[in-house]
Amino acid sequence: MNILVLGDVFGQPGRETVKAHLPELRRDLDIDIAIVNAENAAHGFGLTEKISGELYDAGADVLTTGNHVWDQRELIPYIDRDPRVLRPANFPPGTPGAGTRRHMLPDGRGVLVVNLMGRLFMDALDDPFRALDAATAGHVLGRDLAAIIVDFHGEATSEKTAFGHFCDGRVSAVVGTHTHVPTADHQILPGGTAYISDLGMCGNYDSVIGLEKHASIRRFVTRMPGPKKPEPAEGEATLCGVFIVTDDATGLARRVEPVRLGGRLAPHMPAL
């Protein structure tokens, strides 16, 4: 199976680069499922129904989120109506929406997408390790599920790495999101799980993690808030993510490779 996972889409520049590149990526890499973290897609803060539709039209199958999921209040009633939009599964019981999605391919294969959020330097949430156990209970990778993909939205690489090893051999891939900076540690762990600490963002890298750089610098230098809410950095964005190939018999990873197109970062386009 060919899987594409894209990092945090940041504002309009991020949305535009996804709309520009995702259709060709689906075609050129023969993608079976495309998962997009969309928690910053609405002007850098949250997600809306309209933007969800734009990303689906561009080729996204499942949208994951993280700590900014409720920044746009309109998503609260919408998320129960759209099972393709996930919020972290380790949010408290009773939270609107769901943290997992069993996505069915046209050929009948099932892919379980799990959205989790770390706790180190993040909000106080339920244990993501136990939440992973609960999300995968009763499923056997390679038997009733062709793939299991986990978006682990977290700050600390130590927590992400520990989680990756915790999942090794049990899921197809663990991909980190949240920091908006792509890491160079993509690998297949000893048990066969693809791993990367952070996908980076789909956004303008002439910025401070997607926000206009001058205002961000001023806040660090003066320790004073600006006159208005930080704005996304305008300009050409880079699409960042990973391409994963899994074994049809086991569901484990055979290949993981970064994808970077457009903008300031050095491009990398996998080949089939």
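Residues numbered from 1 in each chain as written. Predicted model: local features only at pLDDT ≥ 70, side-chain atom pairs only at ≥ 80, totals over all residues. Heavy atoms only, no water.

**Student:** Please provide a residue-by-residue account of the overall build of the protein, values included.
**Tutor:** When helices and strands are counted, the protein shows 6 helices and 13 strands. Here the C-alpha atoms of the protein give a radius of gyration of 17 Å, agreeing with the 19 Å that 2.2 N^0.38 yields for 272 residues. With respect to the three principal axes, the spread of C-alpha positions in the protein is 55 × 40 × 35 Å. Counting the 272 residues in the protein, one finds 56% classified as buried. Within the protein, contacts between residues separated by at least 24 positions form 64% of all contacts whose residues are at least 6 apart in sequence. About 11,400 Å² of surface is accessible on the protein, with carbon and sulfur atoms providing 53% of the total. In the protein, 27 side chains carry a positive charge and 35 a negative one; their mean positions are 3 Å apart. (Helix = DSSP H or I, 4+ residues; strand = E, 2+ residues; numbered from the N terminus. Rg over C-alpha atoms; globule rule 2.2 N^0.38 Å. Buried < 20%, exposed > 50% of the residue type's maximum accessible area, 1.4 Å probe, protein only. Contact = heavy atoms within 4.5 Å. Areas by Shrake-Rupley, 256 points an atom, 1.4 Å probe, with all protein chains shown as cover. Lys, Arg positive; Asp, Glu negative; His and termini not counted. Charge placed at Lys NZ, Arg CZ, Asp CG, Glu CD.)

**Student:** Before we move on, could you go through the sheet that holds strand β1 (residues 2-6) and cite the residues and values that matter?
**Tutor:** Across the sheet, 5 strands lie side by side as β4-β3-β1-β12-β13; this open sheet has mixed pairing. Among the strands making up the open sheet, the edge pair consists of β4 (62-64) and β13 (253-261). Neighbour-to-neighbour, the strand axes of the sheet open up by a mean angle of 20°, direction not taken into account. (Pairing = 2+ DSSP bridges. Axes fitted to C-alpha atoms, helices over the stretch in contact; angles between N-to-C directions.)

**Student:** So what about helix α5 (residues 157-167)? Which residues, and what values?
**Tutor:** Listed in full, the buried residues belonging to α5 are Glu 159, Lys 160, Phe 163, Gly 164 and Cys 167. Mapping the buried residues of α5 onto a view down its axis gives an arc of 140°, with all of them on the same face. Along its buried surface, α5 packs onto β6 (110-117), α4 (128-136), β7 (147-153), β8 (173-177) and β10 (194-196). Trailing α5 by a residue or two, Gly 169 shows a phi angle of about 85°, which is positive. (Arc of directions from axis to C-beta.)

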